[in-house]
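A structural walkthrough
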Amino acid sequence: MSKLFSTLAVKKIILRNRIVMSPMCQYSSSDGFANDWHLVHYGSRATGGAGLVIVEATAVSPEGRITPGDLGIWSDEYITGLERIAGFIHSKGAVAGIQLAHAGRKGSCAVPWKGGKQLGLDKGGWQTIAPSEIPYFPDDRIPRPLDTDDIGKLISAFRAAAKRARMAGFRVIEIHSAHGYLLHEFLSPLSNRRTDEYGGGFQNRIRFLTRVVEAVRSEWPAENPLFVRISATDWTEGGWSLEDSIQLASVLKGLDVDLIDCSSGGNIFDAVLPLEPGYQVPFSAEIRKTGILTGTVGLITQAGQAESILQEGKADVVLIGRELLRNPYFPFHAARSLGAEHEWPVQYLRAK
Ligand SMILES: Cc1cc2nc3c(=O)[nH]c(=O)nc-3n(C[C@H](O)[C@H](O)[C@H](O)COP(=O)(O)O)c2cc1C
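Owing to the predicted nature of the structure, the values given are computational and were not obtained by experimental measurement. (Residues numbered from 1 in each chain as written. Predicted model: local features only at pLDDT ≥ 70, side-chain atom pairs only at ≥ 80, totals over all residues. Heavy atoms only, no water.)

Any two packed helices are characterised by the angle at which their axes cross and by the distance between the axes. The geometry of helix α3 (residues 148-167) relative to helix α6 (residues 207-219) is characterised by a closest axis approach of 8 Å and an angle of 35° between their N-to-C directions. In terms of crossing hand, the pair formed by α3 and α6 is right-handed. Contact with α3, carried on its side by I151, L154, I155, F158, R159, A162, K163 and R166, involves F208, R211, V212, A215, V216, S218 and E219 of α6 and no other residues of that element. Per-class residue counts for the contact of α3 with α6 are nine nonpolar, one polar and five charged. (Axes fitted to C-alpha atoms, helices over the stretch in contact; angles between N-to-C directions. Helix = DSSP H or I, 4+ residues; strand = E, 2+ residues; numbered from the N terminus. Left-handed = near helix turned anticlockwise from the far one by under 90°. Contact = heavy atoms within 4.5 Å. Nonpolar A, V, L, I, M, F, W, Y, C, P; charged D, E, K, R; others polar.)

Pasting the structure below:
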């Protein structure tokens, strides 16, 4: 029996299968608002059969955007547009999730198709913030280090964002603590050189994240799943490591986090990642041994590959990114190739 097409209950939420659409920025909003692009894009993947669709990194404050085109959730004005997306996803039998994010020192960039470089302050960019005065690229502007008051405000911003996500009808929140964005910057000793309670030893470096998790949990219904995406390693000597991630996973489990979404890298500009199919699976497999649910992601493009990962107990869900951009109907093809049952939209039954 296919594991990929078995249901997964997390708290009171049931995923119809273990295929999760990985959060992927569309850089297509104006002033943070969701629009028709987002509705059609996410709606297609829900129609296409994914079990959970996680809406892209959505910024909890304006300077938390990677680009001016990022989605926002820092004001109640955003709820209506997001609600439409969550509602449509649910009407197609998938579960709607949203990734709450702050870009930290990697914010203020042009959209990728305009080069992706950091924008000047006179070109629509903004002053970035970070744990310490260390830019991501050596020639980026020096980020402004946060004081404890700023950190408190950002924890409140994540809490308010969680409340808005609930009001918009999402059923899963993923906190973005990966890829070198703000929360990851605090975790890694290579980007966090603070000497206060948010820097130094492991317990101090994870404090911002754990406080964000507690704040989000306080606004998020107890029956709804909470995921955290991490970069399981910086792929750099002296940086955040798999051992740190394993220790962090145990702490997060104690704070009622349900699933660790195991990615890697993104915090050190010249780190070398061994990109090959399933290269991040070992992280998920190791972190899962702590007893928390895990998701794996990265160059997973084949049904058999996804099925094996789950059969071998290396993850509980498989997140698919670019393959779902190429093919929103990946789940239907995967079900067919695995000989698994999958419900089709009634409108498409003649194509089954
Ligand atoms: C266009 C694009 C946008 C992305 N945006 C996000 C994002 O918003 N949040 C995130 O955590 N990862 C983001 N990622 C990373 C993906 O979620 C995923 O981890 C990565 O693409 C590897 O999976 P894949 O090989 O299946 O694509 C993005 C990737 C792509 C290609």
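This part is about the environment of K114. Along the chain, K114 turns up in the loop between β6 (95-101) and β7 (129-130). Under the relative-accessibility criterion, K114 is labelled exposed at 67%. (Buried < 20%, exposed > 50% of the residue type's maximum accessible area, 1.4 Å probe, protein only.)

This brings us to the site of the ligand. Around the ligand sit 15 residues in total, of which S22, P23, Q99, L299 and R322 are the nearest. The separation between a nitrogen atom of the ligand and a polar main-chain atom of C25 is 2.8 Å. The separation between an oxygen atom of the ligand and a polar side-chain atom of R229 is 2.9 Å. The fraction of the free accessible surface of the ligand (610 Å²) that becomes covered by protein chains is 82%. Among the detected pockets, the ligand sits in the largest pocket. Classifying every residue of the shell around the ligand by side-chain character gives seven nonpolar, six polar and two charged. (Near = heavy atom within 4 Å. Polar contact = N/O pair within 3.5 Å; in protein donor to acceptor, adjacent residues only side chain to side chain. Areas by Shrake-Rupley, 256 points an atom, 1.4 Å probe, with all protein chains shown as cover. 1 Å grid on protein atoms, 1.4 Å probe; cavity = no way out; pocket = protein on both sides within 12 Å on 5 of 7 lines; lining within 4 Å. Sits in = over half its atoms within 2 Å of the grid points.)

A word on the pattern of salt bridges. Applying the stated rule across the entire model yields 18 salt bridges. Note that E174 and R229 form a salt bridge whose closest N and O atoms lie 3.8 Å from each other. One end of the pair, E174, is in strand β9 (residues 172-177); the other, R229, is in strand β10 (residues 226-231), with 55 residues separating them in the sequence. Each member of the pair, E174 together with R229, is buried. In this structure, E323 engages R326 in a salt bridge whose closest nitrogen and oxygen atoms are separated by 2.9 Å. A residue pair is termed a helical-turn pair when its members lie 3 or 4 positions apart in one helix, as E323 and R326 do in helix α10 (residues 322-326) at three residues. Connected through shared salt-bridge partners, K11, R217, D256 and D258 make up one network. (Salt bridge = Lys/Arg side-chain N within 4 Å of Asp/Glu carboxyl O.)

Here the focus is the environment of N204. Inspection of the secondary structure assignment puts N204 in helix α5 (residues 202-205). Between the C-alpha atom of N204 and that of R194, which follows or precedes it by ten residues, the distance is 9.3 Å. With sequence-adjacent residues up to four places away left out, N204 is seen in contact with D196, E197, Y198 and G199.

Attention shifts here to the packing of aromatic side chains. The final tally for this structure, using the stated rule, is 13 aromatic pairs. Ring geometry for W74 against Y78: centres 5.0 Å apart, planes inclined by 65°, an arrangement best described as edge-to-face. Here the aromatic residues Y329, F332, W344 and Y348 are joined through ring pairs into a cluster of three or more. Across from the ring centre of W126, 5.1 Å away, lies the NZ or CZ of R65, which sits over that ring. One residue, K106, lies across the ring of Y136, its end atom 4.4 Å from the ring centre. (Phe/Tyr/Trp six-rings, centres within 6.5 Å; stacked < 30°, edge-to-face > 60°. Lys NZ or Arg CZ within 6 Å of the ring centre and 35° of its normal.)

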